Amino acid sequence: MKNILITGGAGFIGSHLVRHWVKTYPDTMVVNLDKLTYAGNLENLKDIEKMPNYVFEKGDIVDSELITALFEKYHFDGVIHLAAESHVDRSISNPMEFIRTNIVGTVTLLNAARAAWNGNFEGKRFYHVSTDEVYGSLGDEGYFTETTRYDPRSPYSASKASSDHLVRAYHHTYGLPVVISNCSNNYGGFQFPEKLIPLVINNIRHRKPLPVYGKGLNVRDWLYVGDHVQAIDLIYHQGQNGETYNVGGHNEKQNIEIVKLLCRLVDRKLGRSEGESESLITYVQDRAGHDLRYAIDSHKLATTLGWQPSVTFEQGITLTVDWYLSNEEWLRNVTSGDYLKYYEKQYGDRL
Ligand code: NAD
Ligand code: DAU
């Protein structure tokens, strides 16, 4: 039996990845290490929590004693590292938590892997899951490739860029067998409703204002989360050590297009007159340093490993709207308590 460590497995992408791995690889013991911050939720994994090849460990990736002990206990063959503070707006109001988890946490994992594997890297792999935001912001044209110069512009993206550099440094300096992927915006079920798509669906449902930053003209490249999980699986098994792979949806949309589309879809599902909820759209003060456009060139992944997104945006967004509308209780649970305080602080004087 192989043992794999997935960090951040109780979060949005992590929970989809853990579910996929547990079901697809019954001969691999999947150890999910998660601190269960506001963004981590074991509810996300209820359907697989009793599977014999799944185990949950609660803990902080910055805790080096714990990480070392986990390597001793499970003799991991591989690590897929997703644990992070992931929300740009939170990084603007509280950067230190991002430095701690995203940078110090990543180095802590690298150190533990290096010590445990001790130069014997046969069959070992350290996979770092990163973001397209490390490349900065595009104008109206062009795409991010794997060789685009790093130019992070928010505390979040700077912390992720820093962690990418450290992962590469451990490969070059110590020979650690690493791969990195930099992915565009994911969407799908189980995403915390501080992020644009679930936040807007939830607000439409409750007839609350829909906050659109600036003029709503910023562009993101949306990828269905299941396609990101497929890419991670492929890169983990077939990627080359030391390489970086860009993952994107070939699906650029302005924020305002997304918000209007969600109004139409949700109104239709709820039996409201179509587009009725557009009256809830509220333009608010822009995000500080708001990156204009992200767009990924994922040719390398397509040509070297044969990956393509399999879910069209129309399919994915319909699945996503359906998921949030039929998981009202999940939304209620995660939007109570601390989230209400965050929401008030983030949007209170803007809406
Ligand atoms: P998320 O915020 O939904 O989940 C993060 C998880 O990490 C949570 O379960 C949280 O409890 C856990 N965590 C946070 N700090 C921790 C710590 N110190 N120790 C242990 N666990 C901790 O994030 P997500 O959107 O699922 O993103 C996962 C990863 O993918 C991140 O590294 C992010 O940078 C990257 N990424 C996300 C996207 C996206 O669109 N969401 C796109 C590209 C890359
Ligand atoms: O590109 C990958 C990144 O995508 C990931 O690395 C991040 O972890 C993930 O959070 C996401 O970052 P964004 O900042 O692009 O996602 P967010 O959902 O926060 O915002 C998407 C766009 O919508 C962005 O241009 C800001 C805008 N927005 C967001 C919110 C929350 C609004 O207009 N109103 C809002 O209320």
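Here goes a summary of the coordinates provided. Just so it is clear, the model here is predicted, and its values are computed rather than measured. (Residues numbered from 1 in each chain as written. Chains lettered and ligands numbered in written order. Predicted model: local features only at pLDDT ≥ 70, side-chain atom pairs only at ≥ 80, totals over all residues. Heavy atoms only, no water.)

With respect to helix H4 (residues 95–117)
Heads up, the rule is: Strands are runs of DSSP state E lasting at least two residues, helices are runs of H or I lasting at least four, and both sets are numbered from the N terminus onward. The span expected for a helix works out to 1.5 Å for each residue beyond the first. The angle between axes fitted to the seven residues ending at a residue and the seven residues starting there is what we call the bend at that residue.
Taking 1.5 Å per residue, 23 residues should reach 33 Å; H4 reaches 32 Å between its end C-alpha atoms and fits that length. Along its length, H4 shows its largest kink, about 25 degrees, at Gly105. Asn118 lies just past H4 and shows a positive phi near 45 degrees.

A few points about empty space enclosed by the protein
The line we're drawing: Buriedness of a pocket was judged along seven lines, with at least five required to meet protein on both sides within 12 Å; pockets are open sets of points on a 1 Å grid over the protein atoms alone, cavities are sets where a 1.4 Å probe fits but cannot get out, and lining residues have an atom within 4 Å of a point. Grid points are joined across faces, edges and corners, and a volume is the space filled by probe spheres set on the points. Residues are grouped as follows: Ala, Val, Leu, Ile, Met, Phe, Trp, Tyr, Cys and Pro are nonpolar; Asp, Glu, Lys and Arg are charged; every other residue, Gly included, is polar.
Per the stated rule, a full pass over the model turns up 2 cavities of 30 Å³ or more. Each pocket or cavity is described by its volume, and for the second largest cavity that value is around 60 Å³. As for the second largest cavity, its lining consists of Val88, Glu133, Arg153, Ser154, Arg287, Ala288, Gly289, His290, Asp291 and Tyr294. Of the residues assigned to the lining of the second largest cavity, the class counts are 3 nonpolar, 3 polar and 4 charged.

Focus: the sheet that holds strand S3 (residues 54–58)
Rule in force here: A pair of strands counts as paired when DSSP detects no fewer than two bridges linking them. Comment: axis = line fitted to C-alpha atoms, over the contacting stretch for helices; angle = value between 0 and 180 degrees taken between N-to-C directions. Between two residues, a contact is recorded if the distance between any of their heavy atoms is within 4.5 Å.
What the 7 strands build is an open sheet, ordered S3-S2-S1-S4-S5-S6-S10; its pairing is parallel. A strand with exactly one partner marks an edge of an open sheet, and here the two such strands are S3 and strand S10 (244–247). Across the sheet, the mean angle separating the axes of adjacent strands is 20 degrees when strand polarity is ignored. Taken together, the 4 bridges between strand S1 (residues 2–7) and strand S4 (residues 78–81) define a ladder with parallel strand orientation. Looking across to S4, one finds that Thr7 is bridged to His81. Packed onto the sheet, helix H5 (residues 155–174) meets strand S5 (125–131), strand S6 (178–183) and S10 and runs at close to 155 degrees relative to S5. Running over the sheet, helix H7 (residues 225–238) touches S1, S4, S5, S6 and S10 and is turned about 145 degrees from S5.

Comments concerning the sheet that holds strand S7 (residues 185–187)
Within a beta sheet, neighbouring strands are joined by backbone hydrogen bonds and run either parallel or antiparallel to one another. The strand order across the open sheet built from 3 strands is S7-S9-S11, with neighbouring strands paired in mixed fashion. Strands with a single pairing partner mark the edges of an open sheet, and in this sheet they are S7 and strand S11 (252–254). Strand-to-strand twist across the sheet, computed as the mean angle between neighbouring axes with direction ignored, equals 50 degrees. Sheet topology places strand S9 (residues 219–224) next to S11; 3 bridges connect them, and they run antiparallel. Note on S11: the bridge partner recorded for Arg220 is Lys253.

Looking at the site of ligand 1
To keep it simple, the criterion reads: The rule for a residue being near a molecule or strand is that one of its heavy atoms must lie within 4 Å of it. Whenever two N or O atoms come within 3.5 Å, that pair is a polar contact, provided that in protein one can donate a hydrogen and the other can accept it, and provided that, for residues adjacent in sequence, both atoms are side-chain atoms. For accessible areas, the Shrake-Rupley method is used with a probe of radius 1.4 Å. Any residue's cover is judged against the shown protein chains and nothing else.
Around ligand 1, the structure places 28 residues, and the nearest of them are Ile13, Asp34, Ser86, Tyr156 and Lys160. In this structure, Ser86 approaches ligand 1 through a side-chain N or O atom, which is 2.7 Å from an oxygen atom. Calculation on ligand 1 without its partners gives an accessible area of 830 Å², and the protein chains cover 97% of this total. Listed by contribution, the elements that provide at least two residues to the shell around ligand 1 are helix H1 (12–24), S5, H5 and S7. Here the shell around ligand 1 is composed, by residue class, of 12 nonpolar, 12 polar and 4 charged.

Quick look at the site of ligand 2
Every one of the 23 residues lining ligand 2 counts as a neighbour, but Asp132, Tyr156, Arg287, His290 and Tyr347 are closest to it. Pro211 is positioned with one of its backbone polar atoms (N or O) 2.8 Å from a nitrogen atom of ligand 2. About the coverage of ligand 2: the protein hides 94% of its 690 Å² of free accessible area. Of the residues forming the shell around ligand 2, the biggest block, 3 residues, is contributed by strand S8 (residues 210–213).

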